[in-house]
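The residues making up each chain are set out below.
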Amino acid sequence: MSADAPLVTPVGLPRRFGAMLYDGLLLIALLMVAEFLIVAPFAITEEHPLFMTIHLYVPLLAFAFLGWFWTRPAGQTLGMQAWHVRLVDMDGGRADWRQAAIRFAVALAQWIVVLAAIALYVKGWWLAALPLAGLVMIGLMLARRDPQRLMLHDRLSGTRLVRVK
């Protein structure tokens, strides 16, 4: 952080999760409409040759949606605006597309671990879910103890969330 950058308030987990929930609902709605516009006209089913491309289309669309908001001068998605959170680089400036891509990829990988733990637990394989759940808990505890409240995707992308207002 540069010497002339103002002090900022780090964003804790409750505010992060609030913005994430808000944005998640918006993203689900966007993805439902976008998939319908592709699946319905072409009658894409599991047997259709284009079915596998949908698995690439969805995360690319999600990245385009989030990345567009993150790299704008405001650095805020709609959920981040509602929860008074802004994404900045470590110097307090605007995040770029490379940082947005790293942030998205690492966060997606973290969510895959969370969902895998839940899926294993639901199937009754709680012993297999335990290490994944432990990994998630360690990450959350480290973020809570971090003075800047940085999570893994913050550190690896060189970005952070700050409070606004």
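Residues numbered from 1 in each chain as written. Predicted model: local features only at pLDDT ≥ 70, side-chain atom pairs only at ≥ 80, totals over all residues. Heavy atoms only, no water.

1. Regarding the packing of aromatic side chains
Phase 1: Under the definition given, this model contains four aromatic pairs.
Phase 2: Ring geometry for F63 against W97: centres 5.5 Å apart, planes inclined by 75°, an arrangement best described as edge-to-face. Here F63 is found in helix α2 (residues 51-71), whereas its partner W97 is found in helix α4 (residues 97-122), with 34 residues between them in sequence.
Phase 3: With a relative accessible area of 42%, W97 lands in the partly exposed category.
Phase 4: Taking the centre distance of 5.5 Å and the plane angle of 55° together, the rings of F63 and F104 count as tilted. One end of the pair, F63, is in helix α2; the other, F104, is in helix α4, with 41 residues separating them in the sequence.
Phase 5: The rings of F63, W97 and F104 are connected pair by pair, giving a single aromatic cluster. (Phe/Tyr/Trp six-rings, centres within 6.5 Å; stacked < 30°, edge-to-face > 60°. Helix = DSSP H or I, 4+ residues; strand = E, 2+ residues; numbered from the N terminus. Buried < 20%, exposed > 50% of the residue type's maximum accessible area, 1.4 Å probe, protein only.)

2. Comments concerning a nonpolar patch on the surface
Phase 1: Together, F17, M20, W111, L115, I118, Y121, V122, W126, L127 and L130 make up an exposed nonpolar region whose accessible area comes to about 1100 Å².
Phase 2: Of all the secondary-structure elements, those providing two or more residues to the nonpolar patch are α1 (13-42), α4 and α5 (126-145).
Phase 3: Ranked by residue count, the leading element in the nonpolar patch is α4, at five residues.
Phase 4: Residue position: V122 is located in helix α4. (Patch = residues over 30% accessible without salt bridge, like charges linked within 9 Å, V, L, I, M, F, W, Y side chains within 5 Å. Areas by Shrake-Rupley, 256 points an atom, 1.4 Å probe, with all protein chains shown as cover. Salt bridge = Lys/Arg side-chain N within 4 Å of Asp/Glu carboxyl O.)

3. Here we look at unusual backbone geometry
Phase 1: One non-glycine residue, A43, lies in the positive phi region at around 50°.
Phase 2: On the secondary structure map, A43 appears in the loop between α1 and α2.
Phase 3: The exposure class assigned to A43 is exposed, which follows from its relative accessible area of 53%.
Phase 4: Positive phi values are uncommon outside glycine, yet R149 reaches one of about 60°.

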